[in-house]
Amino acid sequence: MAGAAPEGAAVTLLPLYAFVETYRRSIVRSRSTSVIAFWATEEKAHYARRGLEWWFNAPAPGPLPAGQKWQRRDPRTHSLADLNHLAHALTATGVGSAGDVFTAIGPYATPAPWAHVGTNPSWWTDDFRSARNRALRGRR
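Residues numbered from 1 in each chain as written. Predicted model: local features only at pLDDT ≥ 70, side-chain atom pairs only at ≥ 80, totals over all residues. Heavy atoms only, no water.

The next subject is the side chain of Thr93. Along the chain, Thr93 turns up in the loop between helix 4 (80–92) and helix 5 (99–105). Judged by its relative accessible area of 13%, Thr93 falls in the buried class. Looking at Thr93, its side chain comes within polar contact range of the main-chain oxygen of Ala89, at 2.7 Å. If near-sequence neighbours (up to four positions away) are discounted, Thr93 is found in contact with Trp39, Lys44, Ala45 and Ala48. (Helix = DSSP H or I, 4+ residues; strand = E, 2+ residues; numbered from the N terminus. Buried < 20%, exposed > 50% of the residue type's maximum accessible area, 1.4 Å probe, protein only. Polar contact = N/O pair within 3.5 Å; in protein donor to acceptor, adjacent residues only side chain to side chain. Contact = heavy atoms within 4.5 Å.)

Laid out in structure tokens, this is it:
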């Protein structure tokens, strides 16, 4: 799917992949990494907002005037792996605004990053659904 991603996607979302890998390695090494302490930093939130702005041609997350929606890039250019990393980052960092990302993903969750950041890798689909449900419920 990376070949279908818009130009610049790899560079824009690379930090999100790196954060997931850093977190995964800290769990494997049995370091007691607090989920909140790891993800709730301004650096991670910055890259989550940057990814959202890039993928959806949107201003920084915040309320939009009534009736307006963010302008998304052509859905055929979306990389599912990239969108799953972006959705995870938006929810894990507390930035929010992940509803449109989950809508773009549709039912096509990818194991990464969900299997790498949960308490049990085999529960990744449950973690994805839970994050998606929270994000979509927040849009109503």
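For the rest of this paragraph, the subject is helix 7 (residues 124–137). Here helix 7 spans 20 Å end to end across 14 residues, near enough to the 20 Å set by a 1.5 Å rise per residue. Burial in helix 7 covers these residues: Trp124, Phe128, Ala131, Arg132 and Ala135. Taken end-on, helix 7 shows its buried residues confined to a sector of 100°, consistent with a single buried face. Along its buried surface, helix 7 packs onto helix 4, helix 5 and helix 6 (111–117). (Expected span 1.5 Å × (residues − 1). Arc of directions from axis to C-beta.)

Here we take up the packing of aromatic side chains. A complete count under the given rule lists seven aromatic pairs for this structure. Centre to centre, the rings of Tyr23 and Phe38 are 5.0 Å apart; their planes meet at 50°, and the pair counts as tilted. Residue Tyr23 is located in helix 1 (residues 9–28), and its partner Phe38 is located in helix 2 (residues 35–39); the two are separated by 15 residues in the primary sequence. In this pair, the class of Tyr23 matches that of Phe38, namely buried. With a centroid separation of 5.9 Å and an interplanar angle of 50°, the aromatic rings of Tyr23 and Trp39 are classed as tilted. Here Trp39 lies in helix 2 and Tyr23 lies in helix 1, a separation of 16 residues in the sequence. Each member of the pair, Tyr23 as well as Trp39, is classed as buried. In this structure an aromatic cluster arises from ring pairing among Tyr23, Phe38 and Trp39. (Phe/Tyr/Trp six-rings, centres within 6.5 Å; stacked < 30°, edge-to-face > 60°.)

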